[in-house]
Amino acid sequence: MSRFTRFSLLFLVFLGGAFSLFISVVHFAQGAGIISNEHNWRSLLKDLIFADSPATAKLKVRRSIRPRAIVVLDAGHGGTDGGTVAGSSLEKDLNMKVVHLVAEQLRNERVRVVYTRQGDVTQSLRNRVAVANGYPEALFVSIHHNASTSEKPEGFETFYTHPKPSSVLKAQRNIFGVKKGGRFIDRRGELLASAIQASSCEVTQAVDRGIKNGSMALTRLVSCPAVLVECGFLSNARERGRLKDSNYRTKLSTGISGGIIAFLESVEHESSYGVESEREVQARDGGDVTRKRKQSL
Ligand SMILES: [Zn+2]
């Protein structure tokens with residue numbers, strides 16, 4: 001074997017190694033949510049070679065803005081649990097349609113999306129909570145459609161739970177690195193609910209039923225900021241017509257994802273957005289934390 005052949009062979013082996021390392025790094029970055037799944041190794045390689053392309057510039061900016069944003073999306077019901085029934089439409093299917101649109105819009109903003117159910121499968125509340133609690137730094141949004149025994153009620157509403165049970169507070173204490181006995185107030189669920197409610201009602205012009213402090217299992221037991229969205233009443237003929245219309249559904253999901261993005265932007269601005277130590281709250285409200293808490297319930 002001539003020296004040149006040996007050198008060429010070694011060079012080829014080196015190239016192969018470098019290439020597989022590059023692909024592994026891309027896969028890792030996708031897994032960690034640093035880059036979206038839309039960026040495959042081909043597009044990234046192209047971006048690296050043509051360093052000044054607009055795609056590269058955009059990617060760099062996104063990476064520095066939102067490196068770890070994860071949203072857990074929960075399509076309510078599923079499988080044997082159809083949820084509310086409206087003629088031929090089952091709530092579980094409408095929920096999934098909205099979830100897919102919201103997911104698409106979030107991915108366009110380089111947010112990583114995790115689902116609690118994929119496809120039409122039965123999923124217990126316990127499992128949904130377990131999936132969400134696997135991502136303590138995420139946001140959790142459960143999508144539902146409402147119904148009432150009366151045909152009258154209509155509109156959009158968002159639920160959150162405050163305060164959360166002590167088991168969840170204990171988990172949060174670890175996440176925030178708060179010492180044992182150290183007290184803090186977490187209003188992120190309420191703030192996320194407000195952002196989604198405002199954005200959705202603005203885009204859809206639906207009746208604004210406001211945000212509500214409820215005690216449903218999902219918003220109560222999920223440790224990250226968790227909300228449950230009721231997109232509208234399938235029991236109201238007029239609203240049902242809108243909720244089954246794909247154009248309205250696009251507006252609905254634009255409103256929901258817009259609220260999520262607005263919340264994420266507030267967190268980017270201030271990493272402790274919505275979380276305060278009891279001392280901070282006392283200093284701000286003149287010492288009466290108890291009264292402040294009761295007012296919000
Ligand atoms: Zn439901």
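See the structure above.
Residues numbered from 1 in each chain as written. Predicted model: local features only at pLDDT ≥ 70, side-chain atom pairs only at ≥ 80, totals over all residues.

Colleague: It is not clear to me how the overall build of the protein chain should be interpreted in this structure. Could you clarify?
Modeller: The number of helices and strands found in the protein chain is twelve helices and ten strands. Taken over 297 residues, the protein chain has a buried fraction of 34%. At a minimum sequence separation of 6, the contacts of the protein chain that also span at least 24 residues come to 80%. (Helix = DSSP H or I, 4+ residues; strand = E, 2+ residues; numbered from the N terminus. Buried ≥ 20, exposed ≤ 12 C-beta atoms within 10 Å, placed from the backbone. Contact = placed C-beta atoms within 7 Å.)

Colleague: Could you clarify how one ought to interpret the sheet that holds strand β6 (residues 156-160) in this entry?
Modeller: The strands that make up a sheet pair up through hydrogen bonds in the backbone, lying either parallel or antiparallel. Pairing is mixed in the open sheet, where six strands are placed in the order β4-β1-β5-β9-β6-β8. The sheet is open, and its two edges are formed by β4 (112-115) and β8 (208-213), each paired on a single side. If you compare each strand with its neighbour and ignore which way they point, the axes differ by 20° on average. Taken together, the three bridges between β6 and strand β9 (residues 226-233) define a ladder with antiparallel strand orientation. Bridged to glutamate 157 within β9 is glutamate 230. In the packing of helix α7 (residues 188-204) onto the sheet, the strands contacted are β5 (139-146), β6, β8 and β9, and the crossing angle to β6 comes to about 170°. Here helix α10 (residues 246-269) sits on the sheet and contacts β1 (70-75), β5 and β9; the angle it forms with β5, its principal contact strand, is near 155°. (Pairing = 2+ DSSP bridges. Axes fitted to C-alpha atoms, helices over the stretch in contact; angles between N-to-C directions.)

Colleague: It is not clear to me how α10 should be interpreted in this structure. Could you clarify?
Modeller: Counted at 1.5 Å a residue, the expected span for α10 with its 24 residues is 34 Å, and the 34 Å between its end C-alpha atoms agrees. Within the sequence span of α10, burial applies to Leu252, Ser253, Gly255, Ile256, Ser257, Gly258, Gly259, Ile260, Ile261, Phe263, Leu264 and Val267. (Expected span 1.5 Å × (residues − 1).)

Colleague: Is there a simple way to think about the packing of α7 against α10 in this case?
Modeller: Running from N to C, α7 and α10 cross one another at 145°; their axes reach a closest spacing of 7 Å. Of the two possible hands of crossing, α7 and α10 adopt the one that is right-handed. Of the residues in α10, those in contact with Leu191, Leu192, Ala195, Ile196, Ala198, Ser199, Ser200, Glu202, Val203 and Thr204 of α7 are Tyr248, Lys251, Leu252, Thr254, Gly255, Ile256, Gly258, Gly259, Ile260, Ala262 and Phe263. Tallied by class, the residues present in the contact of α7 with α10 amount to twelve nonpolar, seven polar and two charged. (Left-handed = near helix turned anticlockwise from the far one by under 90°. Nonpolar A, V, L, I, M, F, W, Y, C, P; charged D, E, K, R; others polar.)

Colleague: Help me understand the pairing of β1, please; the structure alone is not making it clear to me.
Modeller: Each regular strand carries side chains that alternate between the two faces of the sheet. Counting buried residues in β1 gives five out of six residues, a clear majority hidden from the surface. Examined bridge by bridge, β1 and β4 share four bridges and lie parallel to one another. From the neighbouring strand, isoleucine 70 faces β4, where its bridge partner is arginine 112.

Colleague: Honestly, the nonpolar core in this entry has me stumped. Any pointers?
Modeller: Nonpolar side chains tend to gather and get buried jointly when the protein is soluble and globular. In terms of nonpolar packing, the biggest core is built from 53 residues, with Val71, Leu139, Phe140, Val141, Val227 and Ile260 touching the most fellow members. In this structure phenylalanine 140 touches Val72, Asp74, Ala132, Val222, Cys224, Pro225 and Ala226, once residues within four positions along its chain are discounted. (Core = buried A, V, L, I, M, F, W, Y, C linked by C-beta atoms within 7 Å.)

Colleague: I'm lost on unusual backbone geometry in this one. Help?
Modeller: What you tend to see is this: most non-glycine residues have negative phi, and most peptide bonds are trans. The omega torsion across histidine 162 and proline 163 is -5°, close enough to zero to call that bond cis. Relative to the elements of secondary structure, proline 163 occurs in the loop between β6 and α6 (166-176). If you check the backbone angles, histidine 77 has positive phi at about 65° while not being a glycine. Positionally, histidine 77 belongs in the loop between β1 and β2 (85-86). In this structure, glutamine 205 is a non-glycine residue whose phi angle is positive, near 60°. By the C-beta count within 10 Å, which is 12 here, glutamine 205 ends up exposed.

Colleague: How should the packing of helix α4 (residues 91-108) against α10 be read in this particular structure?
Modeller: Working note: a packed helix pair is described by the angle between its axes plus the distance between those axes. Direction vectors running N to C along α4 and α10 enclose 50°, while the axes themselves pass 9 Å from each other. Classified by the angle their axes make, α4 and α10 are oblique. With respect to the hand of their crossing, α4 and α10 are arranged in right-handed fashion. For the pair formed by α4 and α10, the contact residues are Lys97, Val98, Leu101, Val102, Gln105 and Leu106 on the first element and Arg249, Thr250, Leu252, Ser253, Thr254, Ile256, Ser257 and Ile260 on the second. For the contact of α4 with α10, the residue count by class is seven nonpolar, five polar and two charged. (Parallel < 35°, antiparallel > 145°, perpendicular 65-115°, else oblique.)

Colleague: Would you mind showing me how to read the environment of phenylalanine 233 here?
Modeller: Among the secondary structure elements, phenylalanine 233 is positioned in strand β9. Placed 80 residues apart in sequence, phenylalanine 233 and proline 153 show a C-alpha to C-alpha distance of 6.8 Å. Discounting residues that sit within four places of it in the chain, phenylalanine 233 has contacts with Asn146, Ala147, Ser148, Pro153, Glu154 and Glu239.

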